[in-house]
Amino acid sequence: MMYSSRRKPVLYFTKEDSRSGLLLRMLPRCSIFKLFCTLILLGFFSVIWLHYNCTISSSRNSNDDALVHKSCQEETDNSAWGPHKIAIIVPFRERFEELLTFVPYMHAFLNKKKIRHKILVINQVDHFRFNRASLINVGFLESGNDTDYLAMHDVDLLPQNDQLDYGYPEKGPFHVASPDLHPLYHYSSYVGGILLLTKQHFELCNGMSNRFWGWGREDDEFYRRISAAGLQLYRPTGIKTGYQTFKHIHDPAWRKRDQKRVSRQKQLQVFSTLLEKIGLKPVQADPEVGALPLSNYPECMNSHTDNKLKIIGQTCEVAHDGSEDFFMDC
């Protein structure tokens, strides 16, 4: 009799395989009802966990709103805040990253100094070159009767020293970002960056010139308007932080300066006759420039409203004209 030399296959189980087999043998014992109950319990605890997290989040938000409301109420009721209120006028175009930093920072800075304030962002959205002076003129007109002085404030300049004075400049225009403190500009006639003045002072200067398109020169011309109006310019004293007094958050590599000069912009900044031609007061159109204050054009100043924008719980107002922001193509 012949026997086959081929052996019958034998199945060997490792420990892992034996455990898997044990689990497979246990599965039939677990009824569908028990599995359903387990899923119900898991879903129930998940809902409780989500509800707990949402409750904590909403309580934090309500606390933040309560703090904002409390600060506003204290500002209104507490006499320590003083009788004056400042309008922070921010000429603006495509600087939203800086605005996200500027608004909450300035609210905290001014609240700490107990200064009543509101922030007005004057946004230029047309295709023309940036006209900072015209936007500041619009901000003055939009500042409302609840404010009695204003700050012409760059969005990329943040005060770092609590000793800086943002109070009511009763004696005359107060240049906060003075040449000996500003991180970039140090010439004596510089009045840009941050300048405080009462509304009466601004009217005495006939506002700012609308002739200057692009970057620069308009504040140098405004320095001459201050002098021609017989106003004394004041600057901070006793500040020991020097060029570290302000944080300049402008990135020159990302945002190039529009420094191209057109017409006679460089020469016009030193002409005193310009004071009587261009500004807030109604005047005849200059045939060379043709740029009058926006207040002279009803189609540009029609149906103004203030849109409130909240940034990290802090509010600023964006000047708005109908469905679009302010245009300069008058």
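Residues numbered from 1 in each chain as written. Predicted model: local features only at pLDDT ≥ 70, side-chain atom pairs only at ≥ 80, totals over all residues. Heavy atoms only, no water.

1. Remarks on the environment of Met152
Moving on, step 1. Relative to the helices and strands, Met152 resides in strand 3 (residues 149–153).
Moving on, step 2. Looking at Met152, the relative accessible area reads 3%, which means it is buried.
Moving on, step 3. Sequence separation between Met152 and Leu195 is 43 residues, and the spatial gap between their C-alpha atoms is 5.2 Å.
Moving on, step 4. When residues no more than four places from it in sequence are discounted, the contact partners of Met152 are Ile89, Arg132, Ile136, Gly193, Ile194, Leu195, Leu197, Phe202, Met208 and Phe222. (Helix = DSSP H or I, 4+ residues; strand = E, 2+ residues; numbered from the N terminus. Buried < 20%, exposed > 50% of the residue type's maximum accessible area, 1.4 Å probe, protein only. Contact = heavy atoms within 4.5 Å.)

2. A few points about the nonpolar core
Moving on, step 1. Grouped together as the largest cluster of nonpolar side chains are 30 residues, with contacts concentrated most on Ile88, Phe102, Ile119, Tyr166, Val176 and Phe246.
Moving on, step 2. Elements represented by at least two residues in this core include exactly strand 1 (85–92), helix 3 (96–112), strand 2 (116–123), strand 3, strand 4 (157–159), strand 6 (194–198) and strand 9 (314–321).
Moving on, step 3. No other element matches the six residues that helix 3 contributes to this core.
Moving on, step 4. Each residue touching Phe102, except ones within four places of it in the same chain, is listed here: Ile88, Val90, Ile119, His153, Asp154, Val155, Leu157 and Leu158.
Moving on, step 5. Counting 22 residues, the second largest nonpolar core, distinct from the first, contains Val191, Leu197, Phe202 and Cys205. (Core = buried A, V, L, I, M, F, W, Y, C linked by side-chain atoms within 4.5 Å.)

3. Some thoughts on helix 4 (residues 132–142)
Moving on, step 1. Most of helix 4 sits out of view: 10 of its 11 residues are buried.
Moving on, step 2. Within the sequence span of helix 4, burial applies to Arg132, Ala133, Ser134, Leu135, Ile136, Asn137, Val138, Gly139, Phe140 and Glu142.
Moving on, step 3. Immediately beyond the C-terminal end of helix 4, within one or two residues, lies Gly144, with a positive phi of roughly 80 degrees.

4. Focus on the pairing of strand 3
Moving on, step 1. Counting buried positions along strand 3 yields five of five residues, so the element is predominantly enclosed.
Moving on, step 2. Sheet topology places strand 1 next to strand 3; four bridges connect them, and they run parallel. Looking at strand 3, one finds that Ile88 is bridged to Ala151.
Moving on, step 3. For strand 3 and strand 6, the ladder comprises five bridges, and the chain directions are antiparallel. In the sheet register, Met152 faces strand 6, and the bridge partner there is Leu195. (Pairing = 2+ DSSP bridges.)

5. Considerations on the side chain of Lys118
Moving on, step 1. With respect to the secondary-structure elements, Lys118 resides in strand 2.
Moving on, step 2. Here the side chain of Lys118 touches Ser143 through a polar contact of 2.8 Å, landing on its backbone oxygen. (Polar contact = N/O pair within 3.5 Å; in protein donor to acceptor, adjacent residues only side chain to side chain.)

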